[in-house]
Amino acid sequence: MGQGGYGIGQAFLWYKRDGTELDHAIHVFAFTTADFTRMMTKSFLGMPKPLLRTKNGKIFVENIPISRLSSHKIFKYLKFFNIFRLVSETRGVNFADTLDKPAIYKEGEGEELVGTIFESLKTINTTKNSKLVLIHLPTEKEYQNTNNDRLYEFVRHEAEKRSILYLNLVREIRRVSSSEMIKFFFQKDIEGFDQSKGHLTPMGNFFVAKKISKALAGIDALTTQ
């Protein structure tokens, strides 16, 4: 289950609604650093989205129900999207960066919510006799940018408190040379895949898949199936 533009909160809600109906021995909950920023906003690219809050260990969902957009509004958003991209390209601005700047972890912001989401996922998986695994997917800018290192430590700490396996692939990608690393991410948009620049290439996906496979190989729930 994957959806472009979703934050931690929406991914959590989707899994609770539909994923819990599935039988699984392992639940891989994967995210990028930007997903923590998206978690704290009421909209994405102008489109309204649910907003999660937490109080006394319970999660509350705000900004619902999400109104169904009319075709006129959808056209307006798409028109804005394309005009914004055109202006960005003519001015030499990275469109993806402008829309979704890399998240910078701010101490205290969203901490309780993240911990509560992890706690809820752990409880659900324990009930289903499933193993929860948290995967922090890498982005090219995080190869050298250390602004988010406190976020990695916070997530690691929250995972350890709950005995959840946490695999930080940002750390893993920093172990390779820069000449190898740039092959893991598209350096420009490729035909047929709009806004593919900055996303993982087949080589990058293979690197990520190998690291995840190695981590999962040591889980009893997988080897006994």
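Keep in mind that what you see is a predicted model, and the values were worked out from it rather than measured.

About the criteria used
- Residues numbered from 1 in each chain as written.
- Predicted model: local features only at pLDDT ≥ 70, side-chain atom pairs only at ≥ 80, totals over all residues.
- Heavy atoms only, no water.
- Helix = DSSP H or I, 4+ residues; strand = E, 2+ residues; numbered from the N terminus.
- Buried < 20%, exposed > 50% of the residue type's maximum accessible area, 1.4 Å probe, protein only.
- Contact = heavy atoms within 4.5 Å.
- Areas by Shrake-Rupley, 256 points an atom, 1.4 Å probe, with all protein chains shown as cover.
- Pairing = 2+ DSSP bridges.
- Axes fitted to C-alpha atoms, helices over the stretch in contact; angles between N-to-C directions.
- Patch = residues over 30% accessible without salt bridge, like charges linked within 9 Å, V, L, I, M, F, W, Y side chains within 5 Å.
- Salt bridge = Lys/Arg side-chain N within 4 Å of Asp/Glu carboxyl O.
- pLDDT = per-residue confidence, 0-100.
- Expected span 1.5 Å × (residues − 1).
- Parallel < 35°, antiparallel > 145°, perpendicular 65-115°, else oblique.
- Left-handed = near helix turned anticlockwise from the far one by under 90°.
- Nonpolar A, V, L, I, M, F, W, Y, C, P; charged D, E, K, R; others polar.

1. As for the overall build of the protein chain
Thinking step 1. Each helix and strand counted, the protein chain has ten helices and seven strands in total.
Thinking step 2. Counting over 225 residues, the protein chain shows a buried share of 37%.
Thinking step 3. Relative to all contacts within the protein chain whose residues are 6 or more apart in sequence, the contacts with residues 24 or more apart total 64%.
Thinking step 4. Of the accessible surface of the protein chain, which amounts to about 13,700 Å², a share of 54% is contributed by carbon and sulfur atoms.

2. Focus on the sheet that holds strand β7 (residues 165–168)
Thinking step 1. An order of β1-β6-β7 is seen for the three strands of this open sheet, with the pairing classed as parallel. The two strands at the open ends of the sheet, each matched to only one other strand, are β1 (26–31) and β7. This sheet shows a mean twist of 20 degrees between the axes of neighbouring strands, independent of strand direction.
Thinking step 2. Taken together, the six bridges between β1 and strand β6 (residues 131–136) define a ladder with parallel strand orientation. Note that in β6 the partner of His27 across the bridge is Leu132.
Thinking step 3. Contacting β1, β6 and β7, helix α6 (residues 149–161) runs over the sheet at an angle of about 160 degrees to β7.

3. Section: the environment of Ser43
Thinking step 1. Topologically, Ser43 is positioned in strand β2 (residues 43–44).
Thinking step 2. Separated by 20 residues in sequence, Ser43 and Asn63 place their C-alpha atoms 9.5 Å apart.
Thinking step 3. In contact with Ser43, not counting residues within four places along its chain, are Pro48 and Lys49.

4. A short note on a nonpolar patch on the surface
Thinking step 1. Residues Val61, Ile64 and Ile66 make up a contiguous nonpolar surface patch of about 220 Å² in total accessible area.
Thinking step 2. The partly exposed category is assigned to Val61, whose relative accessible area is 32%.

5. With respect to the pattern of salt bridges
Thinking step 1. On inspection of all chains with the given rule, the structure shows 13 salt bridges.
Thinking step 2. One salt bridge in this structure joins Arg162 and Glu119, with 2.7 Å as the shortest N-O distance. Taken together, the residues Arg162 in the loop between α6 and β7 and Glu119 in helix α5 (residues 111–127) connect sequence positions 43 residues apart.
Thinking step 3. On the basis of relative accessibility, which here comes to 14%, the residue Arg162 falls in the buried class.
Thinking step 4. Residue classification places Glu119 among the partly exposed positions, given a relative accessible area of 38%.
Thinking step 5. Of the charged contacts, one joins Lys161 and Glu158 as a salt bridge, the two residues approaching to 3.3 Å between their closest N and O atoms. A residue pair is termed a helical-turn pair when its members lie 3 or 4 positions apart in one helix, as Lys161 and Glu158 do in helix α6 at three residues.
Thinking step 6. In this structure Lys161 comes out as exposed when scored by relative accessible area, which is 52%.
Thinking step 7. The network of salt bridges with common partners includes Asp149, Glu153, Arg156, Glu160, Arg171 and Arg174.

6. As for unusual backbone geometry
Thinking step 1. Phi angles above zero are rare outside glycine, and Asn56 is one such case at about 55 degrees.
Thinking step 2. Along the polypeptide, Asn56 turns up in the loop between β4 (51–55) and β5 (58–62).
Thinking step 3. Overall, Asn56 belongs to the exposed group, its relative accessible area being 70%.
Thinking step 4. Even without being a glycine, Asn129 presents a positive backbone phi close to 60 degrees.

7. Concerning the confidence of the model for the protein chain
Thinking step 1. The share of residues in the protein chain with pLDDT of 70 or more is 78%, and the mean pLDDT across the chain is 82.
Thinking step 2. Counting contacts from residues 86–106, a segment whose pLDDT is below 50, to residues more than four positions away or on other chains yields 30 contacts.

8. Structural notes on α6
Thinking step 1. In a regular helix each residue adds 1.5 Å, so 13 residues correspond to 18 Å; α6 covers 19 Å between its end C-alpha atoms and thus fits that length.
Thinking step 2. Buried within α6 are the following residues: Asp149, Leu151, Tyr152, Phe154, Val155, Glu158 and Ala159.
Thinking step 3. For α6, the secondary structure elements touched by its buried residues are β1, α2 (34–39), α5, β6, β7 and α7 (169–173).
Thinking step 4. Looking one or two residues past α6, Ser163 carries a phi angle of roughly 55 degrees, positive in sign.

9. A closer look at the packing of α5 against α6
Thinking step 1. Two elements in contact, α5 and α6, have axes whose closest approach is 10 Å; the angle formed by their N-to-C orientations is 40 degrees. As the angle between them shows, α5 and α6 are arranged oblique. Crossing of α5 against α6: the hand is right-handed. Between α5 and α6, the residues in contact are Glu111, Val114, Gly115 and Phe118 and Phe154, Val155 and Glu158, respectively.
Thinking step 2. Of the residues that constitute the contact of α5 with α6, the class distribution is four nonpolar, one polar and two charged.

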